[in-house]
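Results of the structural survey
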Amino acid sequence: MTANGLRVIKPGTLSLVQDLGRWGVQHYGLSPGGALDEHAARWANKLLGNPVAAALLEITLGNVELEADVACCIAMTGAVQRIRLNDQTLPGWRTCQLQPGDRLRVDFASSGQRSYLAVAGGFLFSSMFGSVASVEREQVGAFAGRPLQAGDCLPCGSAPVLPHHRQVPWRYIPDYDAPLVARVIPGYQVEQFDRRALEQFYQTGFILSSDSNRMGFRLKGQPIESGVSGLLSEGICFGAIQIPPDGQPIVLLKDRQTLGGYPKLGSLLPLDAFRLTQCRPGTEVRFETISLQHAQATMKPFYNFFAESG
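Residues numbered from 1 in each chain as written. Predicted model: local features only at pLDDT ≥ 70, side-chain atom pairs only at ≥ 80, totals over all residues. Heavy atoms only, no water.

Turning to the sheet that holds strand β7 (residues 88-90), a few remarks are in order. The strand order across the open sheet formed by six strands is β7-β6-β9-β4-β1-β11, and the pairing between neighbours is antiparallel. Edge positions in the open sheet fall to β7 and β11 (153-155), since each of these has one partner strand only. Geometrically, the sheet is characterised by an average inter-axis angle of 25 degrees between neighbouring strands, direction not taken into account. Where strand β1 (residues 5-11) and β11 come together, three bridges link them in antiparallel fashion. Across the sheet, the residue bridging to Arg7 is Cys153, located in β11. (Pairing = 2+ DSSP bridges. Helix = DSSP H or I, 4+ residues; strand = E, 2+ residues; numbered from the N terminus. Axes fitted to C-alpha atoms, helices over the stretch in contact; angles between N-to-C directions.)

Dropping the structure here:
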């Protein structure tokens, strides 16, 4: 690739180009993909005045090093980690100006799992099915869905120097180590579970398994019995909580399969699903119900706030 932008010196554990995902393609068997923690991703683009779906980089755990070819403005949000511009330590959740030759280093995260690096104007990749979101399994998106490798270039345009830095107010920056009680919108299949199973799910905690990825997070705890078998496969939404035969819940995420036949208790409120993706293996998660009407009233201000750039 001959374009100018940010060149990859160290690619990190798992660094993927993402946006808000591709819509209207699940009937083709394609996963939506997209940033797992939309709260952090949307803030990164908003700080720079980018379109809400501008392409950015999702960095899992850290250990990334990039070098700038052009003058550009960036913003980093998400996991708590040391960010260094040359020899200077930078705060997260704010903008920063890079000049050609500058080195940006992102150390391993100390809290949370994923951080988001946005650049003014967004990274300039051609879309596939309406999105640049990388899905490794399907080989779609930037770099044909694969993670970054040393020597790759994240193309971007040169940006003028900002008159001042912008930063996210502290009250909007999550504490990724805080206990998580995730809200569940019950689905129609909840009627397939008896009262004892539902009480068990909502009154006991579950531990996040290390056997988790962008497709879904597996939980460990006292098995939930559904007493259901032979369901027809149907479309799966983001945050759906499936109960497989072993009774251990799976929360399905952005790279989920498009169809599934396991019974589902419902789906997580998107804000809580975003927050869940920042949790590390071994974290305890508890659940409570939320009505559809309350869920809509909770999410509407969030989406309205990020609907426009700037």
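Let us keep going from here.
What follows concerns the pairing of strand β20 (residues 284-289). Regular strands place side chains that alternate from one sheet face to the opposite one. For strand β12 (residues 180-186) and β20, the ladder comprises five bridges, and the chain directions are parallel. Bridging across to β20, Leu180 finds its partner in Val285. Relative to β20, strand β13 (residues 206-208) runs antiparallel, the two sharing two bridges. Bridging from a neighbouring strand, Ile207 pairs with Glu284 of β20.

Attention now moves to the nonpolar core. Within the largest apolar cluster, 48 residues are counted, with the highest numbers of intra-cluster contacts made by Tyr116, Phe201, Leu268, Leu276 and Phe287. The leading source of residues in this core is helix α1 (residues 38-48), at six residues. Apart from the residues lying within four places of it in its own chain, the contact partners of Phe287 are Val181, Ala182, Val184, Phe201, Tyr202, Phe206, Leu219 and Leu268. Counting residues in hydrophobic clusters, the runner-up holds 30 residues, among them Ile59, Ile74, Leu85 and Leu90. (Core = buried A, V, L, I, M, F, W, Y, C linked by side-chain atoms within 4.5 Å. Buried < 20%, exposed > 50% of the residue type's maximum accessible area, 1.4 Å probe, protein only. Contact = heavy atoms within 4.5 Å.)

With that out of the way, let us pick up unusual backbone geometry. Backbone geometry at Leu61 places phi at a positive 75 degrees, although glycine is not the residue there. Mapped onto the elements, Leu61 comes out in the loop between β3 (56-60) and β4 (64-68). Exposure remark for Leu61: the relative accessible area of 24% places this residue in the partly exposed category. One non-glycine residue with positive phi stands out, namely Asn63, at about 65 degrees. Here Asn63 shows up in the loop between β3 and β4. On the accessibility criterion, Asn63 (30% relative accessible area) is partly exposed.

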